[in-house]
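Coordinates in review
Here are the chains, one letter per residue:
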Amino acid sequence: MKSTAIHKQQTGSAILNLNRQKQELLQDLGRSNGTALLRRHAEILDDYFRDRFASSAIGPRMQIDRNPYAIVALGGYGRREQCLHSDVDVLLLFHRKVPPEAKDLVQEILYPLWDLGLEVGHASRSLKECLSLAAEDLEVLTALIDARFLCGISSLYSDLRQGLRTRLLGRNRDALVRWLARSNLQRHLRYGDSTYLLEPNLKEGVGGLRDYHTMLWLGWAKYDLQQPRDLEYQGHLSHSEYLALGEALSFIWTVRNWLHYITGRRCDQLYFDYQIPLAESMGFEEHRGQRPVERFLGILHGHMECVKQLHLSFLDKAVPPKRKVRLAGIRRRLRGSGIEWLRQSNTLTFAAPENIPSRPQLLLRIFERSSRFQLPLSMEAKRLVQEFLYLIDDNFRSSPQTVHMLRRLLMAPGEQVDVLDDLFTTGLLPTLIPELRPLINRIQYDEYHLYPVDKHSLRTVQTVKRFGSNSDDTEDLLCTQLIDEVEKPELLLWAALFHDVGKGAQGKDHASRGAAMVRTVFSRMGFAREDIETISFLVQYHLLLVRTATQRDLNDEKVIVQCARTVADLEHLRMLYLLTVADCMATGPKAWNDWIAVLLKELFFKLRHIISGGELASPSSVKVVAAKQRQVLQRSKTATRQQVAQLFEQMSPRYLLAVPATEILRHIALYERLGNLPFVLEVQPPLNRRYRTLVFCAKDHPGLFAKISGVLTLNNLNILSAQIYTWRNQIALDIFEVTAPPDSLHEEEAWDRVRDNLFSVLQQELDLDAALRDKMRTCRYALSKTTVRADEIVVDNTSSDFFTIIEVYTHDFPGLLYKITSTISRLELDIWVAKIATKVDQVVDIFYVRDLLGQKVDSPEQVARIKRTIAAVLRDKPA
């Protein structure tokens, strides 16, 4: 009994000591670098296990002399990479069979750790079992590769290491290497490229810690690496690369520790929710217009890019990929070029690096050859490019030979080897064109842009190159047609690369700033003035089409004419459309979807019609209306000629000009069905499975549009845009474009609910305000995860001749559109057009309005009242 009490006391003392040291570790979180903290944490756990082994009450009963055993650290703990809430993985390794007492030993040593809240993973296995499992399970194998002896019989641990080497390597070395490489590829496909993502996975994504671990495992299997330092000692990394790797890992480990600390658990995905507090905790401050979180993420992406590049280069050497390349004659064609082909790794390198200082053009020529033969640069070649960047001066940058090679590289297909990406990652392109350097790992912190600016720019170029090619996955026939019609596709590619160059400096208008920078860059490169102006134009107006399409009424003639005057000619229109599509696609799903594609095409064809024929080429309004009236009379089945003529007298000119004859016929049929009903709803046959067109025909009254939009919100239907037409006989035709109901199998039931709800609202049987408040309380609602930008209300009286345009920039929440539209109604304004767009991490609700007398609202007092009233509504958003 006395010994049991002493043992409990010793256990309690060990746990108290462990807990005290962990608390001290937390206090050092802001002062220690990532590597030191991990090692200190591992040492604290080492002390615990050794102490408990030495004072164990179970151990002496296990006859260690007859069946030797050892306690071994596995995985991250084995590598001494113990983050704050990482699992503590240990192995109880026995020489022979696992004795029954092993369970008691686990309970004695590990249960107190569980009680302390640690995640402990353990296994009790014999030496033979370990080796058998390692041959079948890659996860077991990698854990054992990282194994580290803690206490017990050390020779047993040595037997384990020797068994892994003799049984799993030997004849199976190549198979093991391929196994590791396949697993690595599958992981990359599953988790994605963290260097491109704004919510990177610090551990499993490309550029994450697992890439480093894979280098160690492959090094062990392929080159007998025993410790990380062997990466440098054996010549796989240069001294500077090894130091850069260490710095990158230390930063990533620091971020991971802070992430564990903030979340209070093991967490490897850097979600938006944690990024701002993490940046603040790590002491980042605003600098040159960049917010702390943007600076933090930029540095993190830079370090993850370093890990990614070193990992890929090491992988390329250890497991040369099978590339489809015509090898015959490569050496002959490279002879005398200063470039050499390495058959073993199937890569290119410099034949004589000592010649580079006297022939600096080799730095670009190797990329030109890489593009021509679709062979990547070797790890050593990339290293040499980085080391000789100091050779690049102003004369080198502006020399015709340099410019000629850059132009060829930009136009290269890049189907197997993306030379442009390599030019960026080695630092050569930003050195040749310093204006690109500020874009490297520059973050736009919002949920709209998925990629850092430099990666986004490269993706935009890649997207343009895919148009019309065999690898084109856009399925956009218009882009395929237009890319063939572009006279100088090179200018389009330069614009794609430089369209966001202005984001590298402070200020809001990055497009104008970028256009000015483009003139400087391409004048230095000796481009023709006309070509410089074309690239500058595309950069200046790369947002024109998407903003016009999503935020303006495309039936407003003034909008289209002004846009056409800006674009001016068909070649500019083709290139601007292609750049817009590529830019949206490269930004992310919130910037590109089927709905935006439809709007852009509509705008494109209207602009092409005006530019190709001139502003006066279209027939007069009187002729257009007369032609539509004839078509309607010819096709009308129910209405007499006199009735149609009478209805035409009731229709507004804007309606008659904007709506096709076929739709006018449908609307007349709806009007005839209306009779004494409060409204009629028609759901038009879907042209796209994701969107629906709803046409409401009703007797107009104040607030009708707000009530319809509120009912649609109540039924989880996202409104994309709306056109409101009011005939002179007070018949309203409200046409909504909405997302399809979530449940496609019971779609008709959804439309029936909309009809029932709207009927109840119009009959004052349903309190819409109360119903939407209840919905907001029960639905899952959150503000943007990335940032809270200030609301903004813009009242524009210049863009339209007949309407005042109200633009509301705010954060979305259920019932927002209803709140705004009902407020506009209370201001005694009629809404004629509504468009709902997305701008970065905000929504933009845009309304074309007139007062009740049909006039624009342009007095300063009225404008101020509109802004003040809507702002008050936005402040009352749910918490």
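Every chain's residues receive numbers from 1 upward, in the order its sequence appears when written. Totals for whole chains, interfaces and linings use all residues, but because this is a predicted model, local features are given only for residues with pLDDT of at least 70 and pairs of side-chain atoms are given and counted only at 80 or more. Note that water and hydrogens are dropped before the side-chain values are worked out from all heavy atoms of the structure.

A look at the pattern of salt bridges
Two side chains bearing opposite charge may form a pair once their charged atoms approach each other closely. This is how it is decided: Salt bridge, as used here, is a side-chain nitrogen of Lys or Arg placed within 4 Å of a carboxyl oxygen of Asp or Glu. Only runs of H or I of at least four residues qualify as helices and only runs of E of at least two qualify as strands under DSSP, and these elements are numbered from the N terminus. For each residue, the accessible area found with a 1.4 Å probe, counting protein chains only, is set against the maximum for its type, and the residue is called buried under 20%, exposed over 50%, and partly exposed in between.
Applying the stated criterion to the full structure yields 37 salt bridges. For Glu 368, the salt bridge goes to Arg 408, with nearest N and O atoms at 3.3 Å. With Glu 368 in helix α15 (residues 362–373) and Arg 408 in helix α18 (residues 400–411), this residue pair connects regions lying 40 residues apart in the sequence. Residue Glu 368 is classed as buried on the basis of its relative accessible area of 6%. Salt bridges here are not isolated pairs; linked through shared partners, they connect Glu 368, Arg 369, Arg 372 and Arg 408.

Observations concerning the sheet that holds strand β2 (residues 88–94)
Put simply, the rule reads: Two strands are said to pair when DSSP picks up at least two bridges between them. Fitting a line to C-alpha atoms yields each axis, with helices limited to the stretch in contact; the angle taken between N-to-C directions then spans 0 to 180 degrees. Should any heavy atoms of two residues lie within 4.5 Å, those residues are counted as being in contact.
Spatial strand order, β3-β2-β1-β4: four strands in an open sheet with mixed pairing. The open sheet has two edge strands, β3 (120–126) and β4 (148–152), and neither has a second partner. The mean inter-strand angle of the sheet, taken between neighbouring strand axes irrespective of direction, is 25°. Both strand β1 (residues 69–73) and β2 contribute to a ladder of five bridges, which runs antiparallel. Within β2, the residue paired with Ala 70 across the bridge is Leu 93. Contacts from helix α4 (residues 101–115) reach β1, β2 and β3 within the one sheet, and its direction differs from that of β3 by about 165°.

Brief notes about the nonpolar core
Inclusion rule: Definition of nonpolar core: a set of buried residues of the types Ala, Val, Leu, Ile, Met, Phe, Trp, Tyr and Cys, connected through side-chain atoms within 4.5 Å.
One finds Phe 49, Tyr 77, Leu 113, Leu 144, Phe 296 and Leu 300 to be the most contacted residues of the largest nonpolar core, which totals 102 residues. Residues within four places of Leu 300 in sequence aside, it is in contact with Pro 200, Leu 202, Phe 251, Ile 252, Val 255 and Leu 270. The next biggest cluster of nonpolar side chains, apart from the first, holds 101 residues, and it includes Val 453, Ala 496, Val 581 and Leu 720.

Considering the packing of helix α24 (residues 510–524) against helix α25 (residues 529–540)
Heads up, the condition is: For classification purposes, angles smaller than 35 degrees are called roughly parallel, those larger than 145 roughly antiparallel, those between 65 and 115 roughly perpendicular, and all remaining angles oblique. For a crossing to be left-handed, the near helix must be turned anticlockwise from the far one by less than a right angle; the clockwise case is right-handed. Ten residue types, Ala, Val, Leu, Ile, Met, Phe, Trp, Tyr, Cys and Pro, are classed as nonpolar, four, Asp, Glu, Lys and Arg, as charged, and the remainder, Gly among them, as polar.
Taken N-terminus to C-terminus, the directions of α24 and α25 make an angle of 160°; their axes are 8 Å apart at the nearest point. By the criterion of interaxial angle, the relationship of α24 to α25 is roughly antiparallel. Considering only the axes of α24 and α25, their crossing is right-handed. Residues Ala 511, Ser 512, Gly 514, Ala 515, Val 518, Arg 519, Phe 522 and Ser 523 of α24 touch α25, and the partners they reach there are Ile 532, Glu 533, Ile 535, Ser 536, Val 539 and Gln 540. Of the residues that constitute the contact of α24 with α25, the class distribution is seven nonpolar, five polar and two charged.

Some points on helix α33 (residues 661–674)
Put simply, the rule reads: How far a helix is expected to stretch is found by multiplying one less than its residue total by 1.5 Å.
Between its first and last C-alpha atoms α33 spans 20 Å; for 14 residues at 1.5 Å apiece the expected length is 20 Å, and the two agree. One or two positions beyond α33, positive phi appears at Gly 675, with a value near 50°.

Description of the pairing of β2
This is how it is decided: Consider the strands pointing away from the viewer: the crossover is right-handed when the path from the first strand over the helix to the second runs clockwise.
Counting buried positions along β2 yields six of seven residues, so the element is predominantly enclosed. Pairing of β2 with β3, which is carried by seven bridges, proceeds in the parallel orientation. Bridging from a neighbouring strand, Leu 93 pairs with Arg 125 of β3. Regarding topology, α4 serves as the crossover connection from β2 to the parallel β3, and that connection is right-handed.

Topic: the packing of aromatic side chains
Put simply, the rule reads: The rule is short: rings of Phe, Tyr and Trp, with Trp giving its six-membered ring, pair when the centres are within 6.5 Å, and they are stacked under 30 degrees, edge-to-face over 60, tilted in between. For a ring to carry a charge above it, either NZ of a lysine or CZ of an arginine must fall within 6 Å of the ring centroid while also lying within 35 degrees of the normal to the ring plane.
All told, the structure shown has 28 aromatic pairs when counted by the stated rule. On the basis of an interplanar angle of 55° and a centroid distance of 5.7 Å, the ring pair of Phe 284 and Phe 296 is categorised as tilted. Placement of the pair is Phe 284 in the loop between α12 (272–281) and α13 (292–318) and Phe 296 in helix α13, with a sequence separation of 12 residues. Judged by relative accessible area, Phe 284 falls into the buried class, the value being 14%. Taken together, the ring pairs connect Trp 494, Phe 498, Phe 522 and Phe 527 into an aromatic cluster. The residue whose ring lies beneath Lys 317 is Tyr 223, and the NZ or CZ to ring-centre distance is 5.8 Å. Here the guanidinium or amino end of Arg 407 rests over the ring plane of Phe 527, the centre of that ring lying 4.2 Å away.

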